[in-house]
Amino acid sequence: TQVEQALRRAIIADEVSVHFQPIVNLADGAIQGFEALARWTDRELGSISPGLFIPLAEERGFIDSLTETLLKKAAETAKHWPSDLFLSFNLSSAQLVDPATAFNVLAVINRVGFDPRRLELEITETAMMTDPEVAAKVVNELRSVGIRVSLDDFGTGQSSLGRLRDFAFNKVKIDQSFVSEITMDKSAEHIVRAILAMCEGLNLKVIAEGIETEEQAAKLRELGCKTGQGWLYGKAVDAATAMDLIEAQE
Ligand code: G
Ligand code: G
Ligand code: MN
Ligand code: NA
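Note that the structure is predicted; figures quoted are calculated from it, not measured.

1. Comments concerning the overall build of the chain
Inference 1: Along its length, the chain carries 12 helices and nine strands.
Inference 2: Rg of the C-alpha trace for the chain: 18 Å, near the compact-globule value of 18 Å for 250 residues, within the 12% margin.
Inference 3: Considering only C-alpha atoms, the chain reaches an extent of 50 × 45 × 35 Å along its principal axes.
Inference 4: Counting all 250 residues of the chain, 38% fall into the buried class.
Inference 5: A separation threshold of at least 6 residues defines the contact pool for the chain, and within that pool the share at least 24 residues apart is 67%.

And the structure:
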């Protein structure tokens, strides 16, 4: 397709970039890290969502080279942040069923000189369900070299809660669909409350995603949620702007 050709060209020409969305302490808004989010604007097709081009790259078999490019860029940027800030990076489903993923990720960040203990990889429930056995192995390998792993979009996939025990996650990211309803819909509030209680018992950290209003943030704080991200705190910005945000709070 036209998009596929343009994407292949963009990867070779190094035109796919990475932006960074702040992840903050909900108590005081202090930045704790950033989530890397891929961005691509084609000259003719305009801006294309990673929600479209990442699955396309997976389907057509060039997700590995795309991920390598993106992770390299993200780590090169994050290397210059204060060492207490982490980088969160999304792994695609194809990478969770690839036994070479841990090795590949480590190779990239070692080359860049980025500390694996500052890297967090986000995986979705749907991704781990493709082949849970291989996925569990990939997660364990990542953990064994100090990389942290978080479960993204929690509450929306079709996996069972038992997966939280089978996989060595560090964190759970509460999906934005719950956060967007949290001040309007009691059932969303109850679900978030339950997720927080469960994660505390399982010793998992929690990030609430998609926080857009001060009311949502206040409700999350009231429920005991400590960390979050969303447009209230900032959209994904380029590397230079992310550095400005970091410097502004020092
Ligand atoms: O940033 P945005 O809302 O447009 O992202 C849309 C989707 O694309 C989200 O599900 C997000 O996790 C995913 N995504 C963004 N950047 C990356 C990336 O670098 N790798 C992978 N695998 N997914 C990404
Ligand atoms: O699947 P994942 O959670 O990685 O996707 C993150 C996506 O959510 C990105 O596309 C990002 O741009 C988007 N996003 C981040 N914060 C907000 C927010 O506050 N509101 C909305 N609607 N989208 C957000
Ligand atoms: Mn994510
Ligand atoms: Na998410």
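2. What about the site of ligand 2?
Inference 1: In the vicinity of ligand 2, 14 residues are found, and the nearest of them are Asn90, Gly210, Glu212, Gly230 and Trp231.
Inference 2: By residue class, the composition of the shell around ligand 2 is four nonpolar, five polar and five charged.

3. Things to note about the site of ligand 1
Inference 1: Around ligand 1, a shell composed of Ala36, Leu37, Ala38, Ser49, Pro50, Gly51, Ile54, Leu70, Asn90, Leu91 and Ser92 is seen.
Inference 2: For the shell around ligand 1, the elements supplying multiple residues, two or more each, are β2 (31-42) and α2 (50-59).
Inference 3: Its residues assigned to classes, the shell around ligand 1 shows seven nonpolar, four polar and no charged.

4. Observations concerning the pairing of strand β7 (residues 171-174)
Inference 1: Here strand β6 (residues 148-154) runs beside β7; their pairing, made up of three bridges, is parallel. The partner of Ser150 across the bridge, within β7, is Lys171.
Inference 2: Of the pairings in the sheet, the one linking β7 to strand β8 (residues 205-208) comprises four bridges and is parallel in character. Paired with Val172 across the two strands is Val206, which belongs to β8.

5. As for the packing of helix α5 (residues 101-112) against helix α7 (residues 132-144)
Packed helix pairs are specified by the crossing angle of their axes together with the interaxial distance, meaning the distance between the axes.
Inference 1: One way to put it is that α5 packs onto α7 with a least axis distance of 8 Å and a crossing angle of 30 degrees. In this view, α5 runs roughly parallel relative to α7, as classed from their interaxial angle. Only Val138, Glu141 and Leu142 of α7 make contact with α5, whose side of the interface consists of Thr101, Ala102 and Val105.
Inference 2: Among the residues forming the contact of α5 with α7, the class breakdown is four nonpolar, one polar and one charged.

6. A look at α2
Inference 1: Listing the buried residues of α2 in full gives Pro50, Phe53, Ile54 and Ala57. Looking down the long axis of α2, one finds its buried residues gathered within 100 degrees of arc, a one-sided arrangement. Exposed and facing more than 90 degrees away from the buried side of α2 are Gly51, Leu52 and Glu59.
Inference 2: Looking one or two places after α2, you find Gly61, whose phi comes out positive at around 80 degrees.

7. Observations regarding the environment of Glu133
Inference 1: Mapped onto the elements, Glu133 comes out in helix α7.
Inference 2: Here the alpha-carbon distance between Glu133 and Thr41, two residues 92 residues apart in the chain, equals 37 Å.

8. Brief notes about the confidence of the model for the chain
Inference 1: Residues with a pLDDT of 70 or more make up 99% of the chain, whose mean pLDDT is 95.
Inference 2: Predicted complex, confidence summary: ipTM 0.97, pTM 0.97.

9. Some words on helix α11 (residues 214-222)
Side chains of residues three or four places apart in an α-helix project in the same direction, reflecting 3.6 residues per turn.
Inference 1: Along α11, the residues classified as buried are Gln216, Ala217 and Leu220. The buried side chains of α11 occupy one side of the element, clustering within an arc of 100 degrees when seen end-on. Exposed residues lying more than 90 degrees from the buried face of α11 are Glu214, Ala218 and Glu222.
Inference 2: If you follow the buried residues of α11, they end up packed against α9 (176-179), β8 and β9 (227-228).
Inference 3: In the stretch just after α11, Gly224 is the one whose phi turns positive, near 100 degrees.

What counts as what
Residues numbered from 1 in each chain as written. Chains lettered and ligands numbered in written order. Predicted model: local features only at pLDDT ≥ 70, side-chain atom pairs only at ≥ 80, totals over all residues. Helix = DSSP H or I, 4+ residues; strand = E, 2+ residues; numbered from the N terminus. Rg over C-alpha atoms; globule rule 2.2 N^0.38 Å. Buried ≥ 20, exposed ≤ 12 C-beta atoms within 10 Å, placed from the backbone. Contact = placed C-beta atoms within 7 Å. Near = placed C-beta within 6 Å. Nonpolar A, V, L, I, M, F, W, Y, C, P; charged D, E, K, R; others polar. Pairing = 2+ DSSP bridges. Axes fitted to C-alpha atoms, helices over the stretch in contact; angles between N-to-C directions. Parallel < 35°, antiparallel > 145°, perpendicular 65-115°, else oblique. Arc of directions from axis to C-beta. pLDDT = per-residue confidence, 0-100.

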